[in-house]
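Structural features, examined
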Amino acid sequence: MNMLQIAGLALSAVALAVLLRQYRAEYAMALGLVVSAAILLALMPVLRETVGLLTDIASKSGVSQTLGIIVKSIGIAFVAGIAADVCRDAGESAMASKVELAGKVAILSLAMPMAMQLMELFERILQ
């Protein structure tokens with residue numbers, strides 16, 4: 001599915017959701033979830049190919065562990081962002097903020113071992 005198809009699907013769903021929200025708000029939210037899931041499923045082949053290329057590059061350059069942390073961090077950011085957007089769509093902005101905070105904490109905890117390795121490298125260089 002190319003970007004024009006995704007944009008068309010999203011805009012059509014938004015128009016339908018606006019109409020549905022007047023009569024049945026829960027159906028509008030369900031429509032948003034279904035369309036979001038469909039878009040993510042349509043993007044999966046592209047994401048798989050991109051991650052495969054990045055993995056090949058990382059294995060050739062010897063930074064595969066670092067790449068794993070980066071890919072996991074990007075995944076956490078995407079999941080947290082999508083979940084926060086769904087919460088905002090449902091009118092729960094406080095919950096959306098907490099989901100975003102949880103994503104940031106998860107990324108920070110994932111990156112800490114890499115930060116420690118970097119600090120050790122700086123120590124060795126300074127000695």
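Let me begin by describing the structure that accompanies this report. (Residues numbered from 1 in each chain as written. Predicted model: local features only at pLDDT ≥ 70, side-chain atom pairs only at ≥ 80, totals over all residues. Heavy atoms only, no water.)

1. A word on the side chain of serine 73
What counts, and what does not: Runs of H or I in DSSP of at least four residues are treated as helices and runs of E of at least two as strands, each being numbered from the N terminus. In what follows, a contact means two residues having at least one pair of non-hydrogen atoms within 4.5 Å.
For serine 73, the position within the fold is in helix α3 (residues 64-89). Non-local contacts of serine 73, meaning those with residues more than four positions away in its chain, are made with Ile107 and Leu110.

2. Quick notes on the nonpolar core
To keep it simple, the criterion reads: Residues enter a nonpolar core if they are buried and are Ala, Val, Leu, Ile, Met, Phe, Trp, Tyr or Cys, with the set joined through side-chain atoms within 4.5 Å. To sort residues, take the accessible area from a 1.4 Å probe on protein chains only and compare it with the maximum for the residue type: under 20% means buried, over 50% means exposed, and anything in between is partly exposed.
In this structure, Ile6, Ala13, Ala17, Ala28, Leu31, Val35 and Ile39 together form the largest nonpolar core, which totals seven residues. Contributions of two or more residues to this core are made by α1 (3-23) and α2 (25-61). Take this core: its biggest share by element is four residues, from α2. With sequence-adjacent residues up to four places away left out, alanine 28 is seen in contact with Ala17, Leu20 and Arg21.

3. Looking at the environment of serine 109
Operational definition: Pairs of N or O atoms are called polar contacts if they sit within 3.5 Å, as long as, within protein, a hydrogen donor faces a hydrogen acceptor (for residues adjacent in sequence, only side-chain-to-side-chain pairs).
Along the chain, the position of serine 109 falls in helix α4 (residues 93-126). Judged by relative accessible area, serine 109 falls into the partly exposed class, the value being 48%. Separated by 36 residues in sequence, serine 109 and serine 73 place their C-alpha atoms 9.9 Å apart. Within polar-contact distance, the side chain of serine 109 engages the backbone oxygen of alanine 106 at 2.9 Å.

4. Re the pattern of salt bridges
The condition that has to hold: Counted as salt bridges are all cases of a side-chain nitrogen of Lys or Arg within 4 Å of a carboxyl oxygen of Asp or Glu.
In the structure shown here, the tally under the stated rule is three salt bridges. Note that glutamate 100 and arginine 88 form a salt bridge whose closest N and O atoms lie 2.8 Å from each other. Of this pair, glutamate 100 sits in helix α4 while arginine 88 is found in helix α3, placing the two residues 12 residues apart along the sequence. Look at arginine 88 and you get partly exposed, because its relative accessible area is 37%. Bridged by salt links that share partners, the residues Asp85, Arg88 and Glu100 form one connected network.

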